Amino acid sequence: MSTTATTETDARRAPIVKVVFASLVGTAVEWYDFFLYGSAAALVFGTLFFPKSDPVTGTLLAFGTYALGFVARPLGGVVFGHFGDRLGRKKMLVLSLMLMGLATVAIGLLPTYASIGIAAPILLLTCRLLQGFAVGGEWGGAVLMAAEHGDDARRGFWSSWPQAGVALGNLLATGVLWVLALVQSDEAFESWGWRIPFLLSAVLVLVGLWVRLTVEESPVFRQAQEQLAAKKENHQPLLEVIRRYPREILLAMGMRLAENIGYYLVTVISITYLTTYAGSASDKSMILTALLIGSAVQFVIIPLIGGLSDRVGRRPLYLTGAAGLAIWMYFFFDLVDTRSEPLIILAILVGLVLHALMYAPQAAFFSELFGTSVRYTGASVGYQLASILAGALAPIIALRLLGDVDTPNTTAVAIYMTVASVLTIVAVLASKETARTSLRHDRTLDDAH
C-alpha cells in the first residue's frame, strides 16, 4: 500500500476511533450507574428501604423498584430518539449522561426507611425512574454514533464497542462492590459503604461528558437532515417509524428477549440465588468475584465477536447464543449450588460468553434494520420496549419461579429461559441478514425521489 493510501486510511480511521472511544466511555458510565442499582437491590436495598418485609419479600420489593427503571426506558427511548432524529445524536447523548449522573448521585445521598419512613422508597423509586429514562435514550445514540461513523465492511466491529461499554460498566460496578466487600464488614457496608459506588458516579460522569463533547455529529445523519430539509415536511420520527417499520420493531423486540432475560438471570439473579437460596450472605464476595471475572472476559470478547459478525453475518452468532443460553441454564444453578468458586466462575463465564454472541452483533443488526431519519427512534423503541418484557420482569419472575428458599425450583427458571430463547430464534430466522449493507437506505427519504 502506498504512503498516500495509508495516510488516507489513517485519516478516516482517526475520527471513528475517537467516536467509538466516546461511545464506550459514556456507555460504560451510564451502565455502571444502572447495574449498580441492580446489584445494590440484590444486596442491601431490601433491608434498607423495605425493612418490614421478610428477606425474600424485601428483595422482591427492591427488584420491583429496579424493574420500574426498565418501564421508564421506552419513554426515554421515544423522547431521546425523537429529538435525536430531529436535532442530532450528540446533543441527546450529552443530556442522557448528565441526567443519569444526577439520579445516581442522588441515590447515594438518600436517607433510608429508618430515617424518613415511607418517603425513602418513594425517593428511591423516583431516582430509579430517572435512571431508566436516561439509559433509555443512551443506547440508541451511542451505538448509532459508532455505526454511522464506521464503514459498511466493519460496522459490526466498531458498533460493538458501545456494547462492550455495557460490560465495562458492569465490571466497574461489580469491581467497586467487590473491593468494598473485601475491606468492609457486612455491617459497615449496609450502614454506609453501599453509598460510595453511587457517589463515585459523579467523577465518572464528568469524564464521560468531557469525552462526548469533543466528537462530531454523524455524517450519515447530517446528510439525512439535508434531504429532509429539501422535502420541507414536518418530520415526526415516532409516527414515521411506526408507519414504515412496524415489522422491524417487532423483530428487534423478539431478538432482544433471550439476550436481555439471560443477562439478568446470570448477573443479578445469581447474586440473590447464592446469598439467599444456595448459601448465605457470607458468600457475597464469591459471587462478586465470579461476576468480576465474567464481565472482564465479556468486555474483551464483545469486539472480537462483533468483528466476527462482519465476516460470518449477524444471524449465525445470534442463533448460537440464544440456543446456547437455553441449554446452559439447565446446568447453571447446579453449578452455583456447589458453592465452589471455580464452578461458580464457570457458570457465570459461560453464560456471559453465550450472551455476548447475541449482544455483540446486536448494535449493528438493529441499526441496519431502520432508515437514517428514524434510526435513533426505531432502534431505541425496539430495544427498550423489549426491556419491559425481558429485563424488567426477569428478576421478579425468576424469584417467583424459584419459590421457597428451602426448595428452589431451578428447572422452572431454565424453562423460562428456554421459552425466551425460542421466541428470539423465531425472530432471528424471520429477519434478513444485514451484514455489510449500507446505512444510507431510508424509506422516508426514498419517497422524495
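The structure presented is a predicted model; accordingly, all values stated were derived computationally and were not measured.

K.L.:
Lay out the overall build of the chain in plain terms, naming residues and giving numbers.
P.N.:
Each helix and strand in the chain was counted, giving 18 helices and zero strands. Residues counted as buried form 59% of the 449 residues belonging to the chain. If you take every contact in the chain between residues at least 6 apart in sequence, the share linking residues at least 24 apart comes to 87%. By element, 69% of the accessible surface of the chain is carried by carbon and sulfur atoms, the whole surface being about 16600 Å².

K.L.:
Would you mind going over unusual backbone geometry in detail, with residue names and values included?
P.N.:
One non-glycine residue, R339, lies in positive phi territory at about 60°. Judged by relative accessible area, which is 38%, R339 ranks as partly exposed. Despite not being glycine, R436 has its phi angle at roughly 70°, a positive value. Here R436 lies in the loop between α17 (410–430) and α18 (443–446).

K.L.:
Got a sec to walk through helix α13 (residues 314–337)? Specific residues and values, please.
P.N.:
With 24 residues, α13 should cover 34 Å at 1.5 Å per step; its first-to-last C-alpha distance of 35 Å lies within 8% of that length. Within two residues after α13, R339 carries a phi angle of roughly 60°, on the positive side.

K.L.:
With reference to specific residues and values, describe the confidence of the model for the chain.
P.N.:
Per-chain confidence: the chain averages 84 in pLDDT, with 89% of residues scoring 70 or above. Ranking the elements of the chain by mean pLDDT puts α18 last with 60 and α17 first with 96.

K.L.:
Run through the pattern of salt bridges, naming residues and quoting values.
P.N.:
If you walk through the whole model with that rule in mind, you get nine salt bridges. E148 serves as the salt-bridge partner of R375, at 3.0 Å between the closest nitrogen and oxygen. With a gap of 227 residues between them, R375 in helix α15 (residues 375–392) and E148 in helix α5 (residues 119–149) connect regions that are remote in the sequence. Just as R375 is buried, E148 falls in that class too. R155 is the partner of E368 in a salt bridge, and the nearest nitrogen-oxygen pair spans 2.8 Å. With E368 in helix α14 (residues 341–369) and R155 in helix α6 (residues 155–183), this residue pair connects regions lying 213 residues apart in the sequence. Grouping residues by exposure puts E368 and R155 together as buried. Among the charged side chains, a salt-bridge network with shared partners connects D152, R155, D310, R314 and E368.

K.L.:
An account of the packing of helix α16 (residues 394–402) against α17 is needed here, citing residue identities and associated values.
P.N.:
Interaxial distance between α16 and α17 falls to 7 Å at its minimum, and their mutual angle equals 145°. For the element pair α16 and α17, the recorded crossing hand is right-handed. Across from A394, I397, A398, L401 and L402 in α16, the residues of α17 making contact are T410, A412, V413 and Y416. Looking at the contact of α16 with α17 residue by residue, the class counts come to eight nonpolar, one polar and no charged.

K.L.:
Lay out the side chain of R314 in plain terms, naming residues and giving numbers.
P.N.:
Among the structural elements, R314 can be located in helix α13. Polar contacts involving the side chain of R314 include one to the side chain of S309, which spans 2.9 Å.

K.L.:
Go over the environment of P237 with me, naming the residues and quoting the values.
P.N.:
With respect to the helices and strands, the residue P237 is situated in helix α10 (residues 237–244). For the pair P237 and G378, spaced 141 residues apart in sequence, the C-alpha separation works out to 8.3 Å. Residues within four places of P237 in sequence aside, it is in contact with H82, D85, R86, S373, V374 and T377.

K.L.:
I'd like to hear about the packing of aromatic side chains, residue by residue, with values.
P.N.:
Under the defined criterion, the tally for this structure stands at 14 aromatic pairs. Between W139 and F366, the aromatic rings sit 6.0 Å apart at their centres with planes inclined by 75°, giving edge-to-face as the arrangement. Residue W139 is located in helix α5, and its partner F366 is located in helix α14; the two are separated by 227 residues in the primary sequence. Comparing W139 with F366 shows no difference in burial state: the two are buried. Relative to W161, the ring of F157 lies with its centre 6.1 Å away and its plane at 85°, an arrangement referred to as edge-to-face. Of this pair, F157 and W161 both sit in helix α6, four residues apart, which is roughly one turn of that helix. By the ring-pair criterion, three or more aromatic residues cluster together here, those being F157, W158, W161 and F299.

K.L.:
Before we move on, can you summarise the environment of A326 with the specific residues and values?
P.N.:
If you trace the backbone, A326 turns up in helix α13. Each C-alpha atom of the pair A326 and A258 lies 8.3 Å from the other, and the pair is 68 residues apart in sequence. When residues no more than four places from it in sequence are discounted, the contact partners of A326 are M417, T418 and S421.

K.L.:
Before we move on, can you summarise helix α7 (residues 186–193) with the specific residues and values?
P.N.:
Listed in full, the buried residues belonging to α7 are A188, F189 and G193. Looking straight down α7, one finds its buried side chains confined to an arc of 100°; they lie on one side.

K.L.:
Account for the packing of helix α11 (residues 246–278) against α17, with residues named and values stated.
P.N.:
Contact geometry of α11 with α17 gives a least axis separation of 8 Å together with a crossing angle of 155°. As the angle between them shows, α11 and α17 are arranged roughly antiparallel. Two packed elements cross with a definite hand, and for α11 against α17 that hand is left-handed. Residues R247, L251, G254, M255, L257, A258, I261, G262, L265 and Y273 of α11 form the contact with α17, whose own contacting residues are T410, V413, Y416, M417, A420, S421, L423, T424, A427, V428 and A430. For the contact of α11 with α17, a count of residues per class yields 15 nonpolar, five polar and one charged.

Cut-offs used in this document
Residues numbered from 1 in each chain as written. Predicted model: local features only at pLDDT ≥ 70, side-chain atom pairs only at ≥ 80, totals over all residues. Heavy atoms only, no water. Helix = DSSP H or I, 4+ residues; strand = E, 2+ residues; numbered from the N terminus. Buried < 20%, exposed > 50% of the residue type's maximum accessible area, 1.4 Å probe, protein only. Contact = heavy atoms within 4.5 Å. Areas by Shrake-Rupley, 256 points an atom, 1.4 Å probe, with all protein chains shown as cover. Expected span 1.5 Å × (residues − 1). pLDDT = per-residue confidence, 0-100. Salt bridge = Lys/Arg side-chain N within 4 Å of Asp/Glu carboxyl O. Axes fitted to C-alpha atoms, helices over the stretch in contact; angles between N-to-C directions. Left-handed = near helix turned anticlockwise from the far one by under 90°. Nonpolar A, V, L, I, M, F, W, Y, C, P; charged D, E, K, R; others polar. Polar contact = N/O pair within 3.5 Å; in protein donor to acceptor, adjacent residues only side chain to side chain. Phe/Tyr/Trp six-rings, centres within 6.5 Å; stacked < 30°, edge-to-face > 60°. Arc of directions from axis to C-beta. Parallel < 35°, antiparallel > 145°, perpendicular 65-115°, else oblique.

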